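One-letter residues, chain by chain:
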Protein chains: 2
Amino acid sequence: MSNVTEAVGTAPVFAALGDITRLELVARLSDGKQHSIAQLTDGLDLTRQGVTKHLHVLQRAGLVSCERVGRESRFTIRPDPIAKARDYLARASAQWDDAIERLRASVEE
Amino acid sequence: MSNVTEAVGTAPVFAALGDITRLELVARLSDGKQHSIAQLTDGLDLTRQGVTKHLHVLQRAGLVSCERVGRESRFTIRPDPIAKARDYLARASAQWDDAIERLRASVEE
DNA sequence: TCTAATCGCAACCAGGAGGTTGCATAAATG
DNA sequence: CATTTATGCAACCTCCTGGTTGCGATTAGA
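### Some points on the sheet that holds strand S1 (residues 35-36) of chain A
All names here are of chain A. Taken in spatial order, the three strands of this open sheet run S1-S3-S2, and their pairing is antiparallel. The sheet is open, and its two borders are formed by S1 and strand S2 (64-69), each paired with just one other strand. Judged from the two bridges that link them, S1 and strand S3 (residues 72-77) form a sheet pairing that is antiparallel. Each bridged residue has a counterpart across the sheet, and for His35 the counterpart in S3 is Phe75. Sheet strands touched by helix H2 (residues 20-29): S1, S2 and S3. Its angle to S3, the strand with the most contacts, is close to 85 degrees. Docked against the sheet, helix H4 (residues 48-60) engages S2 and S3, running at close to 120 degrees with respect to S2.

Structure, rendered in structure tokens:
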């Protein structure tokens, strides 16, 4: 996969993580268990509908999945996309680490 | 630093990376060298002003720095924040890897 | 069955994001 | 000095985001 293709897929993940509320939701979901909307709303200073919207953003980015059980909507974290994002940043840092190292070396020679 | 404090600082970085154009700009800047706005605009399908706005977003998030040299504004990548974001994701994945592993173990016992 | 809990959908709102255009300014160049 | 190059600032536009409220539907519990 080319860099561009990868970036196109990764950007929405970063966008989804680029909000404090959603970052908090991801943190709460990081126990790997299922959480209902009401449960996730508790302690957050916004409406259930507000939380619902954030959860849908996370879902569209592929970061969480949802399963309807009885009257509850249970959300679960989906590890893969975040792992991809992590690897993307890891490669990016490695890339400029190398570049900057080469620059420094060429200056000092 | 607490998890919340860290998230508050990291979210803007993710938000800045959550746009394909900015991701492309970061990629171009990852050679560690300085790039002018005109230079960065070349090849991107939007106006110089559009690129300028994106660069300012990156700058506000701390991802790049700008130095005025003659009539040029030269932008350089700033590795630290992205490294922080990378570490944040690395710890997050480690966290749920552990959690999921524990869940699986408790189910199988 | 009546009530409380949990949720979805739709409307609405203010503000910001992403993008453009027009114009003015400073610097390099012939 | 006249011109081109590179930029900044401001106004303007459309659309999305984050948030709310209101209401109806479904499920669980006494």
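Past the structure itself, the notes keep going.
### A word on the pairing of strand S3 (residues 72-77) of chain B
Residue and element names in this part refer to chain B. Two elements, strand S2 (residues 64-69) and S3, share six bridges in a ladder whose sense is antiparallel. The residue of S3 that forms the bridge with Val69 is Glu72. Where S2 folds back onto S3 in an antiparallel hairpin, the turn is made up of two residues, including Gly70, whose phi is positive at roughly 60 degrees.

### Some remarks on the nonpolar core
Among the nonpolar cores identified, the biggest contains 52 residues, and Phe14, Leu63 and Leu89 of chain A together with Phe14, Leu63 and Leu89 of chain B are the most heavily contacted of them. Filtering out sequence-adjacent residues up to four positions away, Leu89 of chain A remains in contact with Phe14 of chain A together with Phe14, Leu17, Ile82, Ala85, Arg86 and Leu89 of chain B.

### Brief notes about the protein's contact with DNA strand D
Around DNA strand D sit 20 residues in total, of which Thr47, Lys53 and His54 of chain A together with Ala38 and Ser73 of chain B are the nearest. A breakdown of the atoms of DNA strand D within 4 Å of the protein gives sugar and phosphate a share of 56%. The side chain of Thr47 of chain A places a nitrogen or oxygen atom 2.7 Å from a phosphate oxygen of DNA strand D. A distance of 2.3 Å is found between a phosphate oxygen of DNA strand D and a side-chain nitrogen or oxygen belonging to His54 of chain A. Mapped onto the surface near DNA strand D, the elements with two or more residues apiece are H4 of chain A together with helix H3 (37-41), helix H4 (48-60) and S3 of chain B. Ranked by residue count, the leading element in the surface near DNA strand D is H4 of chain A, at four residues.

### A look at the relation of the copies chain B and chain A
Superposing chain B onto chain A takes a rotation of 180 degrees plus a shift of 0.0 Å along the axis, which leaves an RMSD of 0.0 Å. As the rotation angle and translation indicate, the two copies are arranged about a two-fold axis.

Rules and cut-offs
- Residues numbered from 1 in each chain as written.
- Chains lettered and ligands numbered in written order.
- Predicted model: local features only at pLDDT ≥ 70, side-chain atom pairs only at ≥ 80, totals over all residues.
- Heavy atoms only, no water.
- Pairing = 2+ DSSP bridges.
- Helix = DSSP H or I, 4+ residues; strand = E, 2+ residues; numbered from the N terminus.
- Contact = heavy atoms within 4.5 Å.
- Axes fitted to C-alpha atoms, helices over the stretch in contact; angles between N-to-C directions.
- Core = buried A, V, L, I, M, F, W, Y, C linked by side-chain atoms within 4.5 Å.
- Buried < 20%, exposed > 50% of the residue type's maximum accessible area, 1.4 Å probe, protein only.
- Near = heavy atom within 4 Å.
- Polar contact = N/O pair within 3.5 Å; in protein donor to acceptor, adjacent residues only side chain to side chain.
- Least-squares fit on C-alpha atoms with pLDDT ≥ 70 in both.

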